[in-house]
Every structure is written in C-alpha cells, then in structure tokens.
Amino acid sequence: MQHLVYNISALPELTEWLNALPADVKNKRILAGVYSSLSEEKWFTDVRTEINSYLPTATVTGGNCPATIDTSVNEQNHTQISLMIFDSSWVQGYSIPAEQSGHKSYESGENLADRLLNEAPLRPSGVMLLFSPTMLDVSDFYAGLYAHMEGIPVFGAGVGGHPDIHKVIMMLDKNILTSGFIAIAFYGKSLRLESTHHLGWIPFGEIMTITSAQDNVVDSINHRSAAQLYNHFIGFDNDDFFSHAMEFPFIVRRNGINIARVPFAVTDQQQMTFVADIRRGDQVQFAYGDINSIMENLDFFNADMKRFQPEAVLTFSCVSRLSFLNGNPNLEVSPYLNQSNAGGFFSYGEIDSSSGQDNVLNATIVSIAFSETPARTELSSDMSEDLTPPVTSSRDLARLKRLMYFISRVTEDLQKANRELRNISQKDALTGIYNRRALTTKLKQELSYAREGGLPISVIMIDLDHFKYVNDDHGHLVGDRVITASALIIASCIRPGDFLARFGGEEFMLILPATSAEDAAEVAERIRKTLESQTRTMDIPSVTCSLGVACDQQGKSSSDELIHRSDQALYQAKSNGRNQVFTAPQEV
C-alpha cells in the first residue's frame, strides 16, 4: 500500500504529477481524495475528470474545507490530492443526499449500515464519512449507523467553505452534493485500520444546564438567553461570531467523556446554533485550548504510530484548532505529517467511533492509520527512536504554555472553592440532604421542564407527627437524631430523579418529575409505612408521619402555588388523624 499526497493550485500541476506516476499504478485499486479550500463545483469536476483520465478505475471523493493538512498547513487557494493505492484492498463509495435522509436521519444511518454489511463479500475494515455539518441532523444519522456497525471503525469529518460554513461541496465520482453524506467503505482481508482522537480543550468555570434546546439550537442556559449568557462571559461581535466561538467551545460530559460543542451562529431571537447536537438537560462548561494538553497528546500519537507502523495516515482536525494555534498550526500537525505521507484537512465537526460512543465531536483532531502489511513485532533501531522530531517552541509559545498552566491551577482552585460554597449553600447542615433554598430553585426548574414537555409534576410535603413531644420528652439532641434518621429512611424510598429536601424543622418535601397524582400517592404511602416500621426497631423514639400530595398535570402552577396545595393537603392529613396520606384535588 502507498499513500501519495500532492498539492496543486492549477490543473497543469495535476497533469504533470499524474504523468510522472509509475505505469503500474493505473492497474491498482485507488481511493483519490480531493480536499480544497476552493468552493467551486467546476473546480472539483475538472480535478475529478483529470484524475480519471489517468486513473480510470479510481474512486474519487472529497470536499471543500478551510485549509488542508499536508507538508505544511496551507490556508491559501489550494487543493490537496491524496492517492491511497492498495495492493489487495478496495473501497466502495455511497452518496446520501439530504433529501434522501430528510427528517428520518436515524433510519437513513441504519439503512447505510445494512448496505455496508450486506452488499460486499467481506465486512468492511472501516468506514469514512464526509458530511455537511449545518444542514441536517448529523448526530442522528451517525447514531443510526453506529448502532449496527458491530465494532467496525467509523471516522470522518464535516466539510464546508471558509468563512461560509454553509457553502458545502462534497464529491463522489460524478456526484456533487451540497448537503448530505458521503460514505467510503474500506474492504480487505489484510487491511489494518485504527483511528484515534484527541481534544486538548479544558473545561473551566461554572457547570451550567441547557434549559431549552431543540436539535442543534439552544434557546436558554440556566434559564437565561443562550447568546446573552455566552456574550456575558466571552464577548463577541455578531459579524464575526464564529471566529470567536471556535476558540471557546462548550464542554459536555456524556458517559464519562468530555465532548466539545462549538456554536457557529446566533439567530435574531438570540438563540445559538451548534455544529453538532446539544440536548436539554446537558451539563456544560466553557472550555479553553490548553497548549500543555495538546503537546501531551502528541506523545500519545507518536506512541500509537510506533506501535501500529502505518503505510498511510489521514488526519481531520477541527478548524477551531487552526484558529486557536493561529501562527503556529504546524506545531500540532507536524508530527502527523511525518507519518507515511499523511494528508487530510481542517474540518467542521469530527467523527471517531474509537471512544465507544455515537457522539459527533467538535474541536478534536482525529487520525486514522492504514496498513496492508502486518506490524513488525520487533522495531528496527531507527524506528525504536522517536518518530517525531522534537518540536521547537518559540519564546511566545513557551510563555503561553506557562500562562495556560497558571490558568489551569487557578481554575482548579476556584472550582473547588465554588463546589464547597455550593454544597454549603444547598445542603442542610443536620441531615446532609438539600435545603429549602435548593428545593425552591429545583422546583422552578422542574416546573419549566413540565410546561415545555406537557408533563405532570407532583410534590409531597412530609411532617413528622407529634415531633414536639420528642423534643420535650427526650431533648433536642435526640430530636436531631430522629430528624436525621427520618431523612435517611425517606431517601431510601424515593426513585432516581426524585428530589428530597428538608423544608424546615421536622418537615421534608419531595419533588417527583413526570409523576401523576396516583403514582405520587403510592410513593407517599411507601414512605409512610417504611418510616413507621423502621423507627420502631431503631435506637430512637419511634415516629410516624403525615403526607400531603399535590400534582400539576402540565406544570402550569407556580412553585408557590404547588407548595401551598401540598401544605393544605398535609393539613388535611393531620386533621383526619395523622399517619396517613392525603392527595389534594386536581385544579381545573
């Protein structure tokens, strides 16, 4: 297997290069990649025609991009030609226009997986995706594909013009797409393929919640206008928003993995539109590019390449990294370029299934190593040395590294202090459960979710019966032990997603999202029985409790109204003889 990479700015340069190729190349299976900072359909068509005139059986794919990754980062009007020349392997291309996927992106991904697994005599060794990042639901399509690929590597990147991300050109042979997907499946019994990715952006500051979002559009964060909040912390010019946002993405943590999300536009309604999916309820933080982390990642890449021993490398690096590194983009990509004539481009969104998840990535660099020969178990003396020459840092870069280190330490200290303050302000000192202040904030948030989703929400007010006599007969220290034990017993009865807080004195309150009055009454009865039975066997005075249940069918009440209704229901339970549950009538 060979990987030949050449850079052109005019067709005669391509013609001359193709003429100089060895004669036997024409008889081999070839994947020709065309990645260009030019956003002209005619240019792509002319390049494809020229390639096929010399290599008639080559599969030709590619797209437009902000810049290419080759012997040096080139941001000029420039085109990279990547020829992957196989000895025994082959590729099969698939184009999926946006109109074919439509609003059923997940199903379209499943359909592609079915074709990939069943239309060839072999399982694919890997699948490369090129996609338009802003014009359809990439996340759903990839999730549908990933769900059926049975561990087969899937990798790729979003293409688009610069600075106009919406100007998309994707090519597969004679097909030109302006929106959709192109998939290239790699097949071969001897083909080895491995993908890796690195982020290098570090989360900092307050952990915030996406409180209103649909698809890739976010309306509010912490119940504040998304764009106004972003501008408050980062500051931006509406006319040049994307260039600022690329350097300060959000970090979302999903299943233990940090994933970046880059906003690329602000709507007239002050919403923020993102390159990849971001969901209501996601916990997010701002992030900054950390030079030290990026440099450490180069060591991991170097070790991976020494182990794999590739014959070809493709690299997709988010354009945000190009923007962040500014005058030093070669600092990060140069180690990749020393590997087997590596090629690739700067992208708008990346895909790499090696994380074991179906998330579209942002602000990430993805590399894919290929080889048709087995890796040697013992490295030769020249390969046992570092494959990557030492990166020389300028004085400015060294200063930036020290600054990043300082920022990371200060950020860690601030975050630790904020967590401690938040814990103090939200937790009840005696029982360790949430306090009334936290309850009020949480109830307003859950009522908002209930209104948006048209879902019921219930609350239960709980009061320990005759608690005054516990204090009078046994003293306040024993009374404190009863309250603490009661909190633990109640907590053992609730479900994941429920929210328990001490309302005051011997009163507790429970929030039950997406729960009807009937289901809430069942939870209340379980708490009543458990508290009564367990305190009889403990080394404390036994107690019972009365419980008032109130439900709002669609979150239309205010928090004060719902609390008042549950308090009235609790009063009725006590009036009826205590140690029982009473449910407030539904309001019309």
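The coordinates are above.
Counting from 1, residues in each chain are numbered in the order their sequence is written. At least 70 in pLDDT is required for a residue's local features to be given in this predicted model, at least 80 for side-chain atom pairs to be given and counted, and no such filter applies to totals for whole chains, interfaces and linings, which use all residues. With hydrogens and water set aside, each side-chain value is computed from the structure's full complement of heavy atoms.

A separate point is the overall build of the chain. Put simply, DSSP H or I for four residues or longer makes a helix, DSSP E for two residues or longer makes a strand, and each gets a number counted from the N terminus. The helix and strand tally for the chain stands at 17 helices and 29 strands. The buried label applies to any residue whose accessible area, calculated with a 1.4 Å probe on protein chains only, is under 20% of its type's maximum; exposed applies above 50%, and partly exposed to all values in between. Going through the 588 residues of the chain one by one, you find that 54% of them count as buried. All accessible areas in this document rest on Shrake-Rupley with a 1.4 Å probe, and a residue is counted as covered only by the protein chains that are shown. Carbon and sulfur atoms make up 48% of the accessible area of the chain, which totals about 25,900 Å².

Here we take up the sheet that holds strand β3 (residues 59-64). Two strands make a pair as long as DSSP finds a minimum of two bridges between them. Here we have six strands laid out as an open sheet, ordered β1-β5-β2-β3-β9-β10, and mixed in their pairing. Where the open sheet ends on each side, the last strands, each with one partner, are β1 (2-8) and β10 (175-177). Ignoring which end each strand starts from, the neighbouring axes of this sheet average 15 degrees apart. Relative to strand β9 (residues 170-172), β3 runs antiparallel, the two being bridged by three bridges. Bridging across to β9, Gly63 finds its partner in Met170. Contact definition: two residues touch when any of their heavy atoms are within 4.5 Å. Fitted lines through C-alpha atoms give the axes, limited to the stretch in contact for helices. The angle between two N-to-C directions lies from 0 to 180 degrees. The strands touched by helix α1 (residues 11-19) are β1 and β5 (79-86); relative to β1, the strand with the most contacts, the crossing angle is about 150 degrees.

Glancing now at helix α6 (residues 226-233). Among the residues of α6, those classed as buried are Ala226, Ala227, Leu229 and Tyr230. Projection of α6 onto a plane perpendicular to its axis shows the buried side chains occupying an angular sector of 165 degrees, all on one side. Where α6 ends, the next residue or the one after it, Gly235, has phi of about 75 degrees, a positive value. Regarding the arc, it is the one traced by the directions from the helix axis to the C-beta atoms.

It is worth spelling out the packing of aromatic side chains at this point. Only Phe, Tyr and Trp rings take part, Trp by its six-membered ring, and two of them pair if their centres are within 6.5 Å. Stacked means planes under 30 degrees apart, edge-to-face means over 60, and tilted covers everything else. For the coordinates displayed, the defined rule picks out 17 aromatic pairs. Relative to Phe345, the ring of Tyr35 lies with its centre 4.9 Å away and its plane at 35 degrees, an arrangement referred to as tilted. Within this pair, whereas Tyr35 is found in strand β2 (residues 29-36), its partner Phe345 is found in strand β22 (residues 343-347), the two being separated by 310 residues in sequence. Relative accessible area serves as the criterion here: at 3%, Tyr35 is assigned to the buried category. Among the aromatic residues, ring-to-ring pairing joins Tyr230, Phe233, Phe250, Phe274 and Phe286 into one connected group. Consider the ring centre and the ring normal. A charge sits over the ring if Lys NZ or Arg CZ is within 6 Å of that centre and within 35 degrees of that normal. Taking the ring centre of Phe308 as reference, the NZ or CZ of Arg192 above it sits at 4.3 Å. Sitting over the face of the ring of Phe503, Arg436 holds its NZ or CZ atom 3.9 Å from the ring centroid.

Take the side chain of Thr364 next. Assignment of secondary structure puts Thr364 in the loop between β23 (350-352) and β24 (365-371). One polar contact links the side chain of Thr364 to the main-chain carbonyl oxygen of Asn362, over a distance of 2.8 Å. Ignoring sequence-local partners within four residues, the contact set of Thr364 consists of His197, His198, Leu199, Phe316, Ser317, Cys318, Arg321 and Glu350. Distance and chemistry together define a polar contact, namely a pair of N or O atoms within 3.5 Å, with one atom able to donate a hydrogen and the other to accept it when in protein, and with adjacent residues in sequence counting only for side-chain atoms on both sides.

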